[in-house]
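# Tertiary structure, described
Residue-level listing of the chains:
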Amino acid sequence: MARAATTQVGSSSIDGAWRAAIDPGRADGRLVAESAEREREASAAPLPAQLHPDLRAALGRAGIESLYAHQLETLRASATANVIVTSGTASGKSLAFNLPVLDALARDPAARALYLYPTKALAQDQARKLARLAPSGSGPAIYDGDTPREERPAIRRRSRLILTNPDMLHVGVLPHHRNWGDVLANLRFVVVDEAHVYRGVFGSHVANVLRRLRRIAARYGSEPRFILASATIANPLELAERLVGTRFEPVDTDAAPRAGRRIAIWNPPLTDRAAGARRSALAEAADMLTELVVAGTRTICFVGSRRGAELIHKFTSDRLGDRGRRDLADAIAPYRAGYTPEQRREVEARLAGGELRAVVATSALELGIDIGELEAAICVGFPGTVASLRQMWGRAGRRRDGLAVYLAGIDGLDQFFCRHPDEFLTRPVEAAILDHTNERIQSAHLLAAAFEIPLGAERDDEILGAGWRERAEALVAHGHLRRGRGGLLRVRGAEYPAGAIGLRSASADAVTVVDGDSGELLGTVEAERALSTVHPGAVYLHLGRSFEVRELDVAGRRAIVAPFGGDWYTQPRRETDVYIERIEAKRDALGVELHLGVVSVSEQVIGFQRKRTGADDADGGGQAFDFVALDLPEQSFPTQALWYVLPDELAGPAALPSDVQLGALHASEHSQIAVLPLLAMCDRWDIGGLSTNVHMQTGRPTIFIYDGHPGGVGISRRGYDEFERLVADAARLVGECPCDDGCPSCIQSPKCGNLNDHLHKAGALELMGGMLGR
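This text gives an overview of the structure that appears in the document. Fair warning: this is a prediction, and the values are worked out from it, not measured in the lab. (Residues numbered from 1 in each chain as written. Predicted model: local features only at pLDDT ≥ 70, side-chain atom pairs only at ≥ 80, totals over all residues. Heavy atoms only, no water.)

### Let's talk about the overall build of the protein
In terms of helices and strands, the protein carries 26 helices and 32 strands. Since a compact globule built from 774 residues should have a radius of gyration of about 28 Å, the 26 Å found for the protein is in line with a globular shape. By principal-axis analysis of the C-alpha atoms, the protein measures approximately 75 × 70 × 55 Å. When burial is assessed residue by residue, the protein has 57% of its 774 residues classed as buried. Sequence-distant contacts, at least 24 apart, represent 73% of the contacts inside the protein between residues at least 6 apart. Taken as a whole, the protein presents about 29,900 Å² of accessible surface, with 47% of it coming from carbon and sulfur. Mean positive and mean negative side-chain charge positions of the protein (91 and 99 charges, respectively) differ by 6 Å. (Helix = DSSP H or I, 4+ residues; strand = E, 2+ residues; numbered from the N terminus. Rg over C-alpha atoms; globule rule 2.2 N^0.38 Å. Buried < 20%, exposed > 50% of the residue type's maximum accessible area, 1.4 Å probe, protein only. Contact = heavy atoms within 4.5 Å. Areas by Shrake-Rupley, 256 points an atom, 1.4 Å probe, with all protein chains shown as cover. Lys, Arg positive; Asp, Glu negative; His and termini not counted. Charge placed at Lys NZ, Arg CZ, Asp CG, Glu CD.)

Structure representation (structure tokens):
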């Protein structure tokens, strides 16, 4: 995507129906920067004559008489190679991968194709579009967890174009490949849409699933061609080859037309300069969304948390109700993970049909679901990556000029970008990180692969990659695999291995949230998040309603809640310990002993704070008024970490007095975690940390920064490789903040298990300044 050129605040670049929402910020300084992206014309190419006549006819009926240049390039490249096509939002990537697939199906009556989408909603949306193009007898069929069981055998026998998701491929197809023999033997194409989503833990799992698919297809005599489609990222070719484990050809041009876009960078006003306190970003978003809805602007508002989505929806509805516009309040809906399928599809249908004026969403709607024509997109808080921000902004103004707003939160990166808006607006997109060789993840998938076909097949070294044999031998030694005539087999009587692997989180199961009064199933929470989000006494938000958790049954995976009308929210307190298991690399850097390796992290929620909530403090800045102790089980997991041991010259009594030392270490840890997303495609919620004045193993002041997911996915390694830049960015973040003693924009963290106790801003600057000086 072309870089935006910034314009000075005070220009008239944002006008029309958006003025009521934007002009007040221009007058009082909340609008810190504006920019514009120009309209772009398409680069078109005629339909190639060699397309099958049935497909040409279907394209004609759909009104498609020409292609964009990148669509034609994809069609030609996919004839001989695996292809990764990457381009901006609404650039026609779907047609780019549909053309070669549909042409192959039209020419070969036996050919089959498999499409993978990261969400069920996206598969449903694309099936409707495919139905208009697919040749006779090649209509798409959806095969996912919602497909009625009585319909599944017919889909396996007759459907030539099957749409599913990685989860169903993982547990519903590969372990039962004997039921899929005809599909696998004739599998010509595998399409993976929204490939940029497959990063981190999810991507590491999916990379193993795709390798399992390749080895089973090889057993049935087929070698399908892969086509991946991705939003713009820095490393599309590397991502494709890591996901699938084979070579790809890139198509990275974007010849689609693009409407103009007006961009606004918005910072909530300071309410206490010395403390660095600002008005809530959620309240600012609710004000802006109210004005846009009243002006008739169809808007999507993205926010990072489920709770944030619920609160912005509630605040906006209240504001509209206060204006006597209850009709408009009813035309706004929240949309987030954890809703039932029926709830999600109702919101999607109402939005696509034009019934809703606005939707407040988490990243679930970042993907390319067709939800109609929107005119404005608000992103509340930095979503972790520039690539994600561009995706969110791309939901508005697809066919005509749109408004894109970045509304900064109190987080350190948000305020850093507001101080350097030009640097932010011209910042390149990041690289997607995954690690399919993560020990825990790969070992689990080797067990699943052995259940499907004995390990040691002819092409396993090529498909599974280097190192799998050593890991498999470890599984034999631990009694999880056994040797058989055909290779390595699963142990007799062992549980169904794929069913024990959850692709999207560190746990394979979830906790259901049930209204104890009505018995209604409200939603689900991932098991590893349950102890911190639905512990007894926690306030839980769902569809704009508040509930208080009465009971958490950890063993039964169920949380019982009751309607709640209080004016507070809750924040958990955790204790964390880190034990060094293995050192994999070390070097001297900035005067410290820097290490990379494997650690064991133990976490226990020991209680929670109650904090007052209102329109101006609802994003985490409320006044604490109570603390409640809890007795919950400890959770432990192995992961990757970087850590550094500080000498007396930097952290000893002469350098940092005893009443400063711990606060300086803690504040340095927070600030370095805050800026690590600048180096890796992640956000701070994917990262954990611990700082201590005397660690039990090093015997010295030590700071740990670790991957927040079991096994790790490469985030800490990125920090180790770029450690000097990490510390420099952190020192810049803290040093430029105008607060006196530390605030959420520099050294305080929204995820601190110690509730931001024991932080010392000046000490952190002294410590990091000393490191950089060496």
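### Comments concerning the environment of Tyr 143
When you line up the elements, Tyr 143 lands in the loop between strand S7 (140-142) and helix H6 (152-158). By relative accessible area, Tyr 143 is classed as buried at 3%. Along the chain, Tyr 143 and Val 251 lie 108 residues apart, while their C-alpha atoms are 29 Å from each other. With near-sequence residues (within four places) excluded, Tyr 143 lies in contact with Arg 152, Ile 155, Arg 156, Ile 162, Leu 163, Thr 164, Met 168 and Trp 180. At 2.8 Å, the side chain of Tyr 143 forms a polar contact with the side chain of Arg 156. (Polar contact = N/O pair within 3.5 Å; in protein donor to acceptor, adjacent residues only side chain to side chain.)

### Notes on the side chain of Glu 284
In this fold, Glu 284 is placed in helix H11 (residues 281-294). Take Glu 284: its relative accessible area is 3%, and that puts it in the buried class. In terms of polar contacts, Glu 284 uses its side chain to reach the side chain of Arg 30, at 3.1 Å. Apart from the residues lying within four places of it in its own chain, the contact partners of Glu 284 are Arg 30, Trp 266, Pro 268, Pro 269, Arg 279 and Leu 407.

### Section: the packing of aromatic side chains
Taken as a whole, this structure holds 13 aromatic pairs when the rule is applied. Ring geometry for Phe 416 versus Phe 417: centroids 6.0 Å apart, planes at 70 degrees, classification edge-to-face. For the pair Phe 416 and Phe 417, a shared accessibility class is recorded, and that class is buried. For the pair Tyr 644 and Phe 723, a centre-to-centre distance of 5.1 Å together with 65 degrees between the ring planes defines the contact as edge-to-face. Taken as a pair, Tyr 644 in strand S30 (residues 635-645) and Phe 723 in helix H25 (residues 723-736) lie far apart in primary sequence, 79 residues in all. Looking at Phe 723, the relative accessible area reads 0%, which means it is buried. Through a chain of ring-to-ring contacts, the aromatic side chains of Phe 382, Tyr 406, Phe 416, Phe 417 and Phe 424 assemble into a single cluster. The ring of Phe 625 carries Arg 612 above its face, with NZ or CZ at 3.9 Å from the centroid. (Phe/Tyr/Trp six-rings, centres within 6.5 Å; stacked < 30°, edge-to-face > 60°. Lys NZ or Arg CZ within 6 Å of the ring centre and 35° of its normal.)

### Quick look at helix H23 (residues 658-675)
Over its 18 residues, H23 runs 27 Å from end to end, which matches the ideal 26 Å to within 8%, given 1.5 Å per residue. Of all the 18 residues making up H23, 15 are buried; the element is thus mostly covered by neighbouring parts of the structure. (Expected span 1.5 Å × (residues − 1).)

### A look at the nonpolar core
With 79 residues, the main nonpolar core has Tyr 644, Leu 646, Phe 723 and Met 771 as its most contacted residues. Residues contacting Leu 646, with those up to four places away along its chain left out, are Val 592, Ala 651, Leu 665, Arg 700, Pro 701, Leu 767 and Met 771. If you look at the next biggest cluster of nonpolar residues, it comprises 43 residues, including Ile 84, Ala 141, Leu 169 and Tyr 198. (Core = buried A, V, L, I, M, F, W, Y, C linked by side-chain atoms within 4.5 Å.)

### With respect to the pattern of salt bridges
For the coordinates displayed, the defined rule picks out 38 salt bridges. Two residues, Arg 30 and Asp 28, come together in a salt bridge whose shortest N-O distance is 2.9 Å. On the basis of relative accessible area, Arg 30 is assigned to the buried category, the value being 15%. Among the ionic pairs, Arg 610 bridges to Asp 626, the shortest N-O distance being 2.6 Å. Taken together, the positions of Arg 610 in strand S28 (residues 592-612) and Asp 626 in strand S29 (residues 624-629) put the pair 16 residues apart, joining distant regions of the chain. Residue classification places Arg 610 among the buried residues on the basis of a relative accessible area of 16%. Owing to a relative accessible area of 29%, Asp 626 belongs among the partly exposed residues under this scheme. Salt bridges sharing partners connect three or more residues here, namely Asp 28, Arg 30, Arg 279, Glu 284, Asp 287 and Arg 319. (Salt bridge = Lys/Arg side-chain N within 4 Å of Asp/Glu carboxyl O.)

### Some points on the sheet that holds strand S6 (residues 112-116)
Sheet strands line up and pair through hydrogen bonds in the backbone, either parallel or antiparallel. With parallel pairing, the seven strands of this open sheet are ordered in space as S7-S8-S6-S9-S10-S5-S11. Every other strand in the sheet has two partners, leaving S7 and strand S11 (249-251) as the edge strands with one partner each. Averaged over all pairs of adjacent strands, the angle between their axes in this sheet comes to 20 degrees, without regard to strand direction. Examined bridge by bridge, S7 and strand S8 (residues 161-164) share three bridges and lie parallel to one another. Of the residues in S8, the one forming a bridge with Pro 140 is Leu 161. Running at roughly 165 degrees to S11, helix H3 (residues 69-77) makes contact with strand S5 (83-86) and S11 of the sheet. (Pairing = 2+ DSSP bridges. Axes fitted to C-alpha atoms, helices over the stretch in contact; angles between N-to-C directions.)

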